[in-house]
Structure formats: structure tokens, C-alpha cells
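Structure at a glance
For reference, the chains in residue letters:
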Amino acid sequence: MEKEQFVTIEGKRVPIEGEKNLLELVRKANFNIMTFCYHPELAAYGACRLCLVEVEGMGIVASCTVKPKDGMKVRVNSDEIRHLRRINLELLLSSGNHDCTLCSKSNNCKLQKLAKDMDVTEIRFKSKKLDSHKDATSPALVRDHSKCILCGNCVRICNEVQGIGAIDFAFRGFRSKIATAFNKELGQSHECVSCGQCARVCPTGALMPNSSEIEDVFKAINDPKKKVAVHIAPAVRVGLGEMFGLPQGQNVDGKIATALRMLGFDYVYDTAFAADLTIVEEATEFLERFKKGVNLPQFTSCCPAWVNYVEKFAPEFIPNLSTARSPMQMMGPILKADYEDKGGKREDLVVVAVMPCSAKKSEAKRGEFYVNDNPDTDYVVTTVGLARMIKEAGIDFVNLENEWFDMPFGTKTGAGVIFGASGGVMEAALRYALAELDPANARSVKFSSLRESKVFKEKTVEIGDIKIRTAVVSGLKNARKLLDDIKAGKDHYDFIEVMSCQGGCVAGAGQPQFDGWAPRQKRAEGLYQEDTELAYKSQDNSGVLALYGRILDKVGGPLAHKLLHTHYYDRKDRTGQQK
Amino acid sequence: MTDRFAPAAKILEEHQYDSAKLIPILQKVQDEYKYLPEDIMRFIANELDISPAKVFGVATFFAHFAITPKGKHIIKVCNGTACHVKGSSFVINTVKDKLKLKDGQDTTDDMMFTLECVSCLGACGLAPVMVMDDVVHGQITPAKAVEIIDSVIASEAKNAD
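Residues numbered from 1 in each chain as written. Chains lettered and ligands numbered in written order. Predicted model: local features only at pLDDT ≥ 70, side-chain atom pairs only at ≥ 80, totals over all residues.

**Re the overall build of chain A**
- Secondary structure assignment for chain A yields 19 helices and 20 strands.
- Taking 579 residues into account, the globule formula puts the C-alpha radius of gyration at 25 Å, and chain A, at 25 Å, falls close to it.
- The C-alpha extent of chain A, read off along each of the three principal axes, is 75 × 65 × 60 Å.
- Put simply, chain A has 579 residues, and 48% of those count as buried.
- Across chain A, every contact between residues at least 6 apart in sequence was considered, and the portion connecting residues at least 24 apart equals 73%. (Helix = DSSP H or I, 4+ residues; strand = E, 2+ residues; numbered from the N terminus. Rg over C-alpha atoms; globule rule 2.2 N^0.38 Å. Buried ≥ 20, exposed ≤ 12 C-beta atoms within 10 Å, placed from the backbone. Contact = placed C-beta atoms within 7 Å.)

Rendered as C-alpha cells:
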């Protein structure tokens, strides 16, 4: 047996157990040194200089970039280190705009927290104060360079995890900034797919989901001529509670329903209803393609950043995307059609979607989702945005009683609810397909491999001599690799679920900010728990079945296609390529 | 129409489409196109399979690269330590006035001149130094700088006749 290896941190022996760097060991020793540029999901970068420690024989080093070695003696809080760390923080604070009371990130900002923890009350270095300049040209995200500390987390996640590189460091010295290609505003960036993972890892208020629509929602609620319907995505119910100090992953759907009514929404629905509808259409589409052997593998299309990605970077796979709309974009037209069916006017019903996602905001703005200038989804608010609305209204969320969603668009099955976790859409689709192909044995198939905390998962189901090979991938760089393998003929699948955010919608940019895997898992567990309390498969959603009788006619029929399906565009950049 | 991307394609080929050679590629491209036009940078990024933001980052990091078109004649005035001490700021201000350059403007409206303030030209013994189209002028004064510019303007006028 190998000898155990130790590092001594402030006189205490700490065993090395596979930690990648000294900072992880220091944190294991319960010195929770806060940093900006170190992020457990990204490559170490060593830029913010707040993780400085003193290693005997090495001097002062950035602990995030040092490999732990047996026998190292480490000081974390010597006078010199305390002094340097404080100077580094003061230097970060000396330029830029750090007006906390006027910042949406206040209370969730790492820079603010560290300045408070270290009790910085004065900055000795005078520098030119940057004025706030907001780039709100993207419906999904807002950038404010004056709040940026150049930690590079956004650049690295866009490159390393999403494989896109829509932003990078540009210019030099005092003029350094994070810029899109050619310094365009984000709304004009060709590369950005709006996934918002950059905002998820931003320690300050420099990159945040666009929350401008909240005002419009309040206005619509208070407009006597309008009725306002709201629906919440599955992942929202297991994310929102954190904003009110409730345990991570706790399902608070009942409190949300109550709060939404208190905010003044007229109809309170569940996006999971539309998720069941998506499954009925998408799985039916899959079974048809599978029977004919065309356009396989079929890719799911409910993740709008993934759709953007295919259109911009892999348009050769557009025929493989399911044409079924996402649950959000099925809910809108259904609610408006139902409102018209009952004698109302389409434009008098305002549909608000509460989503864990920034890309959903740009999805709602796509031209094909408008009828006579009226959008299918009027406004998209993020999970965090809804928390803000609840707080602004003074609602005591934690102490609310549970209420239920309105019928019929509040009914759902477990299949619709698990959409919020990576693997959930595929499981829901397979539950549907198995029940169609092999009703007798459908319930005996287990999907544990699709529920693992992994970015790539597989499941093959066999029905007699039919074999359906499926895969689930999350994170766009992982998706890219799968596309390359498929193109090279290395892999074959019939049906593939892709989510842009690793772990699925529970990890979306609209959710309360988090680091690492544990929060994703807790949120996903919250959804799988609700699943056990509901009907099993989307066919069991009585509301969905009734809808086909009343408005949609038959599954996959012409009317369903008009309201529930969509089309995609090749938007690849081919600058300079011969036609 | 001749293909405006053909010279860039040739340069890429000469560098084996190797993204590690991005800087030499951009240098050659700048020689060819006189600056780094956006569509050419985008083309290079696509061909090298790197992000256009990365190419833009490199292009804006080095003072050598220009992302806006440069004038026909390039004037470099050194503002390194030695030249600065010897009064290069007066030369720079005079040139700016002479060329009617506004704050933040490097190139004249008629695209005839670009003024670049550089950090050291390695000719500190001749400080202050000005370089007009690769010809080094040492111990420059504001008056001499104007003289040099006037002579270029005069020869341009002659060529135009």
C-alpha cells in the first residue's frame, strides 16, 4: 500500500486525496478562501490572485495553479498574504462601477461578498471610474463592462464547456475587455447561442439574464383589458426555493401557484402540461421516422440554445431535428387558440412563461412564433426574475400555503415534469413509445442509466427484434463531439436528446446561481420525486387527450402541425467560401 | 470580380492551415490587405476552425495589427522614454494639428496619412525619432516634421496631375 500523502496547512495535516490543486486542499481544510477566476468546472487560470498562499520553499503562489505535493507546508493567513490579498481586492475594486445598491446582482455577488467579508471600506488606489454601459441588445443576456473584473470565467465556459468561443479577451492593458468577435453588441453576435452559461459563472453583475420584460409583465397584469396566463417550467419549481433560503432542490410548485395568483395572474398553468403534448407529437414523429428509416438519429428540439447551435454551426443536421415545438412554444398557441375558441381575442390574452433559461427569451422572439405581429409567448421571465417579482410585491413566499394549478392546462404526468433534468425528455419519449409498441411490458423497463449525473448517457430498448438506440448528451461541446462521431460513422443512434446546459434545464442560466454538480443533482431529484407521485406517461394526461378532441383533431395531423410544429433555418457563417 | 478572399486563402495554405501560426498568418494578411478587414478575419477563423472572437482578441492585443483601414502613408512617432524626454509630444501634437486629426482619430479623412505613436523604435540615440513610410528621421523637431509631411503632400499632388 502506498504511503498516505499530506500537506500541512496552517499547522494541520491535510491528506492529499486526488485534489487537482492546492486551493482545493486549502478549502478541504475549511479555509474557504473565496476566489473569482477559479471555478471547479473550468481550467485553472490564476488571474484574480485572491487564492494566494505561502508555500515553504516556493514563496507566495496562486494556490489554484499549484499541484499539491507530499510534505508541503502552507500558510494561508500570514501577514504578508493578508496584505497582498487585500491589495489585490482593492485593485479590482479601484476601477469599474461597483455601486451595489443599484445592481441586480447585489446579495448574490461574489465581489460584494468578499469586500464585505474582508471589510474593505476604502480604496487607496484612484482610477478612472467607468460609467455603467449596458449592452441589452440580446433578448437573452445583458452585459455591463463597467462591472467586469476580467476573471475570464465567461470566456472559459463558452470555450471549454460549450465549445463555441462567442466571447474572448480583446484589446490590451486598461482597454482590455471581454468582447464578442469584432466587438459587436451581443445581439449582433453571430456565434452566441444565448445559452447563458457565461452568466451562470459570472461572479459579478457584468453578465446577467435580460430581465427587462418584468416591467411589461407587471403592466399587463394591471391592464384591465388583458387577461394574463402564466406557466412555469419543470425546473423552476426545484430552483426558486433557494432564492428564499429553502433547501436546494425542494419542490415548491404549490407555493409558486399561490404566489402567482397573489401577483395577479389570471390563469396559473404548468409548462409540464405542454411537455406531455410535446412528447405525444415528438415521439409520434420519431416512431414514423424510425419505421421509415429517414432522418435518423432524430434530435430533440426543446432546448432553444441547441436549436441555435444546429442552425449556426451544424446545419447539416437540421433535417434530424424534431419539428415538434418546445413545450413553451406549444403552450402559447394552445392557450391563445383556446382563448379564441371561447370567444376571446388572441391579443387580449398575454402569455407569460417562467423559464430556468436565458435562451428561451430569444426563442420566444423568433419570427415564426408570431401570428399577425402577436407572439405565441408574450414574455419570458427567468426563475430568478420570478423571485424578484415575488420579493418586490412583498410576498412572504416561505410561509405561503400550497395551491394547485388551474385546469385544464395545469394537468401533467411525471413524464412532463422530468423534462427539466438531462435524460428526462428521452425517458418521457421512451415511456410513450414503449406504451405504443409494447403496452404489456412498457412499465417493466427501467431508465436508471438515463438518470445518472453524467454528461453522456445511453439507453437501448429492445422490443422483440426491434432495437431502439438512444443517447442523451448535455453541454454543447459534448454535443459537438457526438455530432462529429456520427458524421464519421463511429456511432449510430436512433434518437438523441441534447441539452445545452450540463445536467439539463435545472442548470439553466435563469436559475439561482450555483457551482458544481451537487445542486444539479438535488434539483433533478426533486423532479424525479414529483414524477413518482404522478401518472407515468404522457398518454395518461387527460387534459392533453381532451385537447386533441376539442382543438387539435388528431395527433400529428394538419392542425397539430400548424400549431405544434416549426421549422429551422440554416444560419451558418460561410464568409469567403465559394458558393 | 476577383475573389477578395483568394490572397488570404493562399496565405493560409502557406501556413498549412495551422492555428498555432495565427500571428504570422495575420502579419501576412495585413501586408496583403494593409489592415485586417472583418470579413477576412472571419474567413481565417472559419478556415482554421477557431472562433472569430479569438482572432479578434489577438488582432486587438498587438499594436502592430490594425483593424481599421490605414492611410497610404504611415507616420510613426516614437514616444518611448528617450524620445519623450527629448520632446516627442510636441512633434505628435504638431503632426496631429497638421493632419487635422481629432482625438482618437489616427487616419486622415482622405485616407492619405496614418499617425502611429509607438513605444520604442530602437533608435534612442537619434531621439526624438519619426519614421515616414519606413524612412527614419532622427532628432526631429515640430518644424521638420511639418516639412516632411509637406514634401509627401507635394509629391502626391504631382503624381495626381
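Alright, that's what it looks like, and here's the rest.
**Section: the domain arrangement of chain A**
All names here are of chain A.
- Domain annotation for chain A reports domain 1 (6-91), domain 2 (95-210) and domain 3 (214-564).
- In this assembly, 14 residues from domain 1 lie in contact with 19 residues from domain 2.
- Among the residues forming the side of domain 1 that touches domain 2, the class breakdown is ten nonpolar, one polar and three charged. (Domains from an automatic or database assignment. Nonpolar A, V, L, I, M, F, W, Y, C, P; charged D, E, K, R; others polar.)

**Observations concerning the domain arrangement of chain B**
- One can read the domain layout of chain B as domain 1 (6-61) and domain 2 (73-160).
- Taking the mean C-alpha position of each, domain 1 of chain B and domain 2 of chain B sit 29 Å from one another.

**Some details on the sheet that holds strand β7 (residues 141-144) of chain A**
Residues and elements named next belong to chain A.
- In space, the three strands of this open sheet follow the order β6-β7-β10, with antiparallel pairing throughout. Because the sheet does not close on itself, it has two edges, and the strands there are β6 (134-135) and β10 (207-209).
- Taken together, the two bridges between β6 and β7 define a ladder with antiparallel strand orientation. Paired with Asp135 across the bridge in β7 is Arg143. (Pairing = 2+ DSSP bridges.)

**A look at helix α4 (residues 52-61) of chain B**
- In terms of residue burial, α4(B) counts as a mostly covered element, since eight of its ten residues are buried.
- Listing the buried residues of α4(B) in full gives Pro52(B), Ala53(B), Lys54(B), Val55(B), Phe56(B), Gly57(B), Ala59(B) and Thr60(B).
- Lining the buried residues of α4(B) we find β8 (167-170) and β9 (177-180) of chain A together with α2 (22-33) and α3 (38-48) of chain B.

**A few points about the pairing of strand β11 (residues 227-232) of chain A**
Residue and element names in this part refer to chain A.
- Judged by how many residues are buried, β11 sits mostly within the fold: five of six residues are covered.
- Pairing analysis gives six bridges linking β11 to strand β14 (residues 349-355), with the strands arranged parallel. Bridge pairing links Val230 to Val352 in β14.
- Of the pairings in the sheet, the one linking β11 to strand β12 (residues 267-270) comprises four bridges and is parallel in character. From the neighbouring strand, Val230 faces β12, where its bridge partner is Val268.

**Thoughts on the interface of chain B and chain A**
- Each partner contributes to the interface: chain B provides 14 residues, whereas chain A provides 17 residues.
- Where the side of chain B that touches chain A is concerned, the elements lending two or more residues are α3 and α4 of chain B.
- Ranked by residue count, the leading element in the side of chain B that touches chain A is α4(B), at seven residues.

**Quick word on the packing of helix α9 (residues 271-292) of chain A against helix α11 (residues 327-341) of chain A**
Residue and element names in this part refer to chain A.
- For the pair α9 and α11, interaxial distance at closest approach is 8 Å and the crossing angle is 105°. Considered as vectors, α9 and α11 are oriented roughly perpendicular to each other. Here α9 contributes Thr271, Ala274, Ala275, Leu277 and Thr278 to the contact with α11, which in turn contributes Pro327, Met328, Met330, Met331 and Ile334.
- Across the contact of α9 with α11, the residue classes tally to eight nonpolar, two polar and no charged. (Axes fitted to C-alpha atoms, helices over the stretch in contact; angles between N-to-C directions. Parallel < 35°, antiparallel > 145°, perpendicular 65-115°, else oblique.)

**As for the sheet that holds strand β20 (residues 495-499) of chain A**
All names here are of chain A.
- Overall, mixed pairing links the four strands, which are arranged β13-β20-β19-β18 in an open sheet. The open sheet has two free edges, formed respectively by β13 (298-299) and β18 (456-463), since each of these has just one partner strand.
- Bridge count between strand β19 (residues 466-474) and β20: five bridges; the pairing is parallel. Looking at the pairing, Val472 lines up with Glu497 of β20.

**Digging into the nonpolar core**
- Counting 181 residues, the largest nonpolar core has Cys154(A), Val352(A), Val354(A), Ala429(A) and Ile44(B) as its most contacted members.
- When residues of this core are assigned to their parent elements, the largest contribution, ten residues, is made by α9(A).
- If near-sequence neighbours (up to four positions away) are discounted, Val352(A) is found in contact with Val217(A), Val228(A), Val230(A), Asp378(A), Tyr379(A) and Val381(A).
- Judged by nonpolar contacts, the second largest core, of 17 residues, contains Val77(B), Cys78(B), Cys83(B) and Ala127(B). (Core = buried A, V, L, I, M, F, W, Y, C linked by C-beta atoms within 7 Å.)

**Concerning α9(A)**
Residues and elements named next belong to chain A.
- Helix length check: α9, at 22 residues, gives a terminal C-alpha distance of 31 Å against a target of 32 Å (1.5 Å per residue), a fit within 8%.
- In terms of burial, α9 is largely enclosed, as 16 of its 22 residues are buried.
- Following α9 by one or two positions, Gly293 adopts a phi angle in the positive range, close to 70°. (Expected span 1.5 Å × (residues − 1).)

**Things to note about the environment of Arg42(B)**
- Note that Arg42(B) resides in helix α3.
- Taking the number of C-beta atoms within 10 Å as the measure of exposure, Arg42(B) has 20 and is therefore buried.
- Each C-alpha atom, one on Arg42(B) and one on Glu32(B), is 16 Å from the other, the two residues being ten residues apart in sequence.
- Among all residues touching Arg42(B), those that are not within four sequence positions of it are Asp573(A), Thr575(A) and Pro52(B).

**Side note on the environment of Leu84(A)**
Residues and elements named next belong to chain A.
- For Leu84, the location among the structural elements is in helix α2 (residues 79-94).
- Residue classification places Leu84 among the partly exposed residues on the basis of 16 C-beta atoms within 10 Å.
- Once you skip the residues sitting within four places of it in the chain, Leu84 turns out to touch Leu52 and Ile60.

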